[in-house]
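Residue-level listing of the chains:
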Amino acid sequence: MSVAALDTHPVPACVRTARESFSAVPTSAWDGLETGEVRRLIGELGRLESQVAAHKMAAARVLEKARKAANAGDGPRPGTGTSTGATISFDFGGDRGSADALVNTAQRIEEQTTLIENALAAGVITTKQADLISRALAKLPDDVTAEQRERCEETLLKDAQKLTLKDLRRRAARITETYRKTTDEVDADEDEILRRREEEARKKTSFSMWDNNDGTVTGRFTLPEAQGAMLKTALDALAAPHQKVGTVNAATGEMDEVGFGQSYPQRLGHAFATLVEHLPADSLPSNGGVSAVVTVNLDLDTLMGGIKAAGLSDGTRISAGEARRLACSAQIVPMVLNGKPLPLDLGSANRYFNRSSRRAMEKRDGGCTTPGCDRDARWTEAHHLNPYAISKTTDIRDGALLCPFHHHRAHEQGWIGRINHDGHVEWKLPGSDTWQRNTRWRP
Ligand SMILES: [Zn+2]
Ligand SMILES: [Zn+2]
């Protein structure tokens, strides 16, 4: 193999010139440009990135071939990494994962495609689009001809110009329609692609969480796309930004700001906590005879408003206010200990407001009963106005709907509530001597 002299070979000259051009311009120079021009130039920089990526892939392939040749001969030479990705990341950046991905994509593009490399080198598509299209082409049915494959590639390159990455992936799953005769065949091809993807997704599915030892846990999960969409939809509904959550300050008459101004991830986090509390724990399978239901162990005194902390059945310690709120919600079974080792009340199912009393409360209250709160009835919790009624009655004259945020507040601050003479829930909020109600409009 002959190697061109360095001063005449085009690659070193090109790379040197590009590096010099960028080094000559400080990043502060962007400040003097008008926004229209900045937008155009950002697009141009994106194309430049694609062009650079195409060259990096070509370079990675040269290294990979040299490494294979060396391994086939007298074994790996000293100074070379265990893989081409390792070598590249050792030279710059130290990011082994990205370097390995670069080598893989470079090889897939060379083996599966004919036009992508040129499109990338011309700055027409991004590396993510190139990766997605080459993956789609690799998944074409075995009976595809070279000509059909190229037609698929052409179509996807064209579609990449107008579709988002997500839509391009959906489009790619039905790309065989460029050569299949019937829709049934395309449906079958798409189904096969999806079936394989779901199988891979199930293998990758995992969940882990760990204790931060500061009263929080942090977790990480990988879910199949469909279950991810279900989770996202549920959390978005619970975290709906138009749902204002706050309390009218009795002294000033203004909404207090707690609950406002939360970031989207914070709202999703609270939504997730609400979702967990609403799990149908009592209908989940038991774990070797151990119930999936967490119980809260508290003294009668705590239930009635005392300040003695309580515990969950797994040993987690919680404040008295939180224990009362959890005991109030249908998903946690309170075990009132009353200072003795045996539970006074095992929280029989009929202590909860049943479906019809819950419906009646939804009709009566229309949503959270806190003055000024606009949360609708779907995700409210049934609060017991008389704490002792938690273990005794399911009469709706003892109940009031509260959103999770205000349910926390009610137990934390010991709100006093009652049903007034015309049958509506009224609250005496902390710092106020007057009874107030949520003047929600009712049809
Ligand atoms: Zn409650
Ligand atoms: Zn509320």
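You'll find the structure just up there.
Scope of this entry: the structure provided in the associated data block. (Residues numbered from 1 in each chain as written. Chains lettered and ligands numbered in written order. Predicted model: local features only at pLDDT ≥ 70, side-chain atom pairs only at ≥ 80, totals over all residues. Heavy atoms only, no water.)

Summarising the metal site, the zinc ion (ligand 2) is bound by the protein donors Cys368 (SG), Cys373 (SG), Cys403 (SG) and His406 (ND1), whose distances to it range over 2.0 to 2.4 Å. Geometry at the zinc ion (ligand 2) is tetrahedral, judged from the 4 donor atoms that bind it and their angles of 99 to 116° at the metal. Read N to C, the donor residues that coordinate the zinc ion (ligand 2) are spaced as C-x4-C-x29-C-x2-H. With Cys368 in the loop between helix H14 (355-365) and strand S7 (381-384) and His406 in helix H15 (residues 404-413), this residue pair connects regions lying 38 residues apart in the sequence. Accessibility classification places Cys368 together with His406 in one group, the buried group. (Donors = N, O, S within 2.8 Å, 3.2 Å for Na, K, Ca; no water. Tetrahedral: all angles 85-135°; square planar, octahedral: opposite > 155°, others 65-115°. Helix = DSSP H or I, 4+ residues; strand = E, 2+ residues; numbered from the N terminus. Buried < 20%, exposed > 50% of the residue type's maximum accessible area, 1.4 Å probe, protein only.)

Where strand S1 (residues 206-211) meets strand S2 (residues 217-222), 6 bridges bridge the pair, whose relative direction is antiparallel. Bridge pairing links Phe207 to Phe221 in S2. Counting the residues that bridge the hairpin from S1 to S2 gives 5 residues, and of these Asn213 lies at a positive phi of roughly 60°. (Pairing = 2+ DSSP bridges.)

Before going further, it helps to examine the layout of surface pockets. The space that makes up the second largest pocket amounts to roughly 1800 Å³. The wall of the second largest pocket is formed by 41 residues, among which Val52, Ala53, His55, Lys56 and Ala59 lie closest to the centre. Elements with a contribution of two residues or more to the lining of the second largest pocket: helix H1 (10-23), helix H2 (35-72), helix H3 (84-91), helix H4 (96-112) and helix H6 (127-138). Broken down by element, the lining of the second largest pocket gets its largest block of residues, 14 residues, from H2. Split by residue class, the lining of the second largest pocket holds 24 nonpolar, 9 polar and 8 charged. (1 Å grid on protein atoms, 1.4 Å probe; cavity = no way out; pocket = protein on both sides within 12 Å on 5 of 7 lines; lining within 4 Å. Points joined across faces, edges and corners; volume = space filled by probe spheres on them. Nonpolar A, V, L, I, M, F, W, Y, C, P; charged D, E, K, R; others polar.)

With that settled, the discussion passes to the packing of aromatic side chains. Per the stated rule, a full pass over the model turns up 1 aromatic pair. Residues Trp415 and Trp427 carry aromatic rings whose centres are separated by 5.5 Å and whose planes lie at 70° to one another, so their mutual orientation is edge-to-face. Of this pair, Trp415 sits in the loop between H15 and strand S9 (416-419) while Trp427 sits in strand S10 (residues 425-428), and the two are 12 residues apart along the sequence. Residue classification places Trp427 among the buried residues on the basis of a relative accessible area of 0%. (Phe/Tyr/Trp six-rings, centres within 6.5 Å; stacked < 30°, edge-to-face > 60°.)

On to the side chain of Ser89, then. If you trace the backbone, Ser89 turns up in helix H3. There is a polar contact of 3.1 Å between the side chain of Ser89 and the backbone oxygen of Ala86. If near-sequence neighbours (up to four positions away) are discounted, Ser89 is found in contact with Gly94, Asp95, Arg96 and Ala99. (Polar contact = N/O pair within 3.5 Å; in protein donor to acceptor, adjacent residues only side chain to side chain. Contact = heavy atoms within 4.5 Å.)

In this section: the environment of Ala201. As for its position among the elements, Ala201 is in helix H9 (residues 183-204). For the pair Ala201 and Leu223, spaced 22 residues apart in sequence, the C-alpha to C-alpha distance is 7.2 Å.

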